[in-house]
Amino acid sequence: MSFSKLIISPKGFVDIETRIFLDDITTHIESVYGLQQADFTNISTKGTQALQLYFQNRFYFSQREKKINLVINNVSLSKNGQALIVNASSTKLLDSSKKVFLFNTLLCDNSTKQVNGIKYLGKHYLLNISNPKIEIQLE
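Residue numbers run consecutively from 1 along every chain, following the written order of its sequence. Residue-level local features of this predicted model are given only where pLDDT is at least 70; pairs of side-chain atoms are given and counted only at 80 or more, and the full residue set underlies all totals for whole chains, interfaces and linings. No hydrogens and no water enter the side-chain calculation; it runs on all heavy atoms of the structure.

Caption draft 1: How the structure looks around the overall build of the protein chain. The secondary structure listing takes helices from DSSP runs of H or I that are at least 4 residues long and strands from runs of E that are at least 2 residues long, numbered from the N terminus. What the protein chain contains, in helices and strands, is 2 helices and 9 strands. Across the protein chain, helices and strands are ordered from the amino to the carboxyl terminus as β-β-α-α-β-β-β-β-β-β-β. In this treatment the radius of gyration is a C-alpha quantity, and the globule benchmark scales as 2.2 Å times the residue count to the 0.38 power. Relative to its length of 139 residues, the protein chain is compact, with a C-alpha radius of gyration of 14 Å against a globular reference of 14 Å. Dimensions along the principal axes, computed over C-alpha positions, put the protein chain at roughly 45 × 30 × 30 Å. Here the protein chain, with 139 residues, has 45% of them falling under the buried criterion. Contacts are assigned to residue pairs with any non-hydrogen atoms lying within 4.5 Å of each other. The contacts of the protein chain with a sequence gap of at least 6 include a subset with a gap of at least 24, amounting to 55%. As presented, the protein chain carries roughly 7900 Å² of accessible surface, and 50% of it is formed by carbon and sulfur atoms. Neither His nor the chain termini are counted; the positive set is Lys and Arg, and the negative set is Asp and Glu. Throughout, a charge is located at the NZ atom of Lys, the CZ atom of Arg, the CG atom of Asp or the CD atom of Glu. Seen as two clouds, the 16 positive and the 11 negative side-chain charges of the protein chain have centres 6 Å apart. Exposure categories follow from relative accessible area, calculated using a 1.4 Å probe and restricted to protein chains: below 20% of the type maximum is buried, above 50% is exposed, and the middle band is partly exposed. Working definition of accessibility: Shrake-Rupley area with a 1.4 Å probe, residue cover restricted to the visible protein chains.

Caption draft 2: Broad picture of the environment of Lys98. Within the secondary structure layout, Lys98 lies in the loop between β5 (83-90) and β6 (100-104). For the pair Lys98 and Gln137, spaced 39 residues apart in sequence, the C-alpha separation works out to 9.7 Å. Those residues in contact with Lys98 that sit more than four places away from it in its chain are Gln63 and Arg64.

Caption draft 3: Structural detail: helix α2 (residues 46-58). Under the convention used throughout, the expected extent of a helix is 1.5 Å for every residue step, that is, one less than its residue count. Taking 1.5 Å per residue as the helical rise, α2 with its 13 residues ought to reach 18 Å, and the 18 Å between its terminal C-alpha atoms agrees with that figure. Among the residues of α2, those classed as buried are Gly47, Thr48, Ala50, Leu51, Gln52, Tyr54, Phe55 and Arg58. Its buried side turned inward, α2 meets β2 (14-21), α1 (22-33), β3 (59-63), β4 (66-77), β5 and β6.

Caption draft 4: Highlighting the nonpolar core. Within the largest apolar cluster, 34 residues are counted, with the highest numbers of intra-cluster contacts made by Leu6, Ile25, Ile29, Leu51, Phe61 and Ile136. If we ignore the near neighbours within four places in the chain, the residues touching Leu51 are Ile25, Ile29, Phe40, Ile72, Leu84 and Val86. In plain words, nonpolar cores are sets of buried Ala, Val, Leu, Ile, Met, Phe, Trp, Tyr and Cys residues tied together by side-chain atoms within 4.5 Å.

Caption draft 5: Layout of the pattern of salt bridges. The rule for a salt bridge is simple: a side-chain nitrogen of Lys or Arg has to be within 4 Å of a carboxyl oxygen of Asp or Glu. Applying the stated rule across the entire model yields 4 salt bridges. Between Arg19 and Glu17 there is a salt bridge, with its nearest N and O atoms 3.7 Å apart. Look at Arg19 and you get partly exposed, because its relative accessible area is 34%. On the basis of relative accessibility, which here comes to 21%, the residue Glu17 falls in the partly exposed class. If you follow the salt bridges from partner to partner, you end up with Lys5, Glu17 and Arg19 in one network.

Caption draft 6: Examining the side chain of Ser90 more closely. For Ser90, the position within the fold is in strand β5. What qualifies as a polar contact is a pair of N or O atoms within 3.5 Å, subject to a donor-acceptor requirement within protein and to the restriction that residues adjacent in sequence count only when both atoms come from side chains. Engagement of the side chain of Ser90 in a polar contact is seen with the backbone oxygen of Lys92, the distance being 2.9 Å. Look past the residues within four positions of Ser90 in its chain and what remains in contact with it is Gly12, Phe13, Val14, Ile68, Asn69 and Leu70.

Printed below as a string of structure tokens:
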């Protein structure tokens, strides 16, 4: 399971923090992108660059049928070293007058049992391969 906290500013700027089990994402990124060792120590490493590509295809917003990607700003490890913490922001502002959808199928291509939790405005959403997107209500 991955878990994300989503914040959308009144102007439509997105900040999201995602926690992913380090061993799961490391093994998967190494396999998908042919890396010997996925290094996530900073945003310029090959592991994090591969993770950015992975996000573009599996974790993004959509508005009016247009994709709005997330850009990784920072990566770090959790205190216990078991989770990769990924901080990202949107490449464009969200328009509050249009419907907004969030897609998250991180690691669903690795396991059909994968669940991705999203917390937004006190609500919890669960996304998976059979339910890959939710509509986000902007305030």
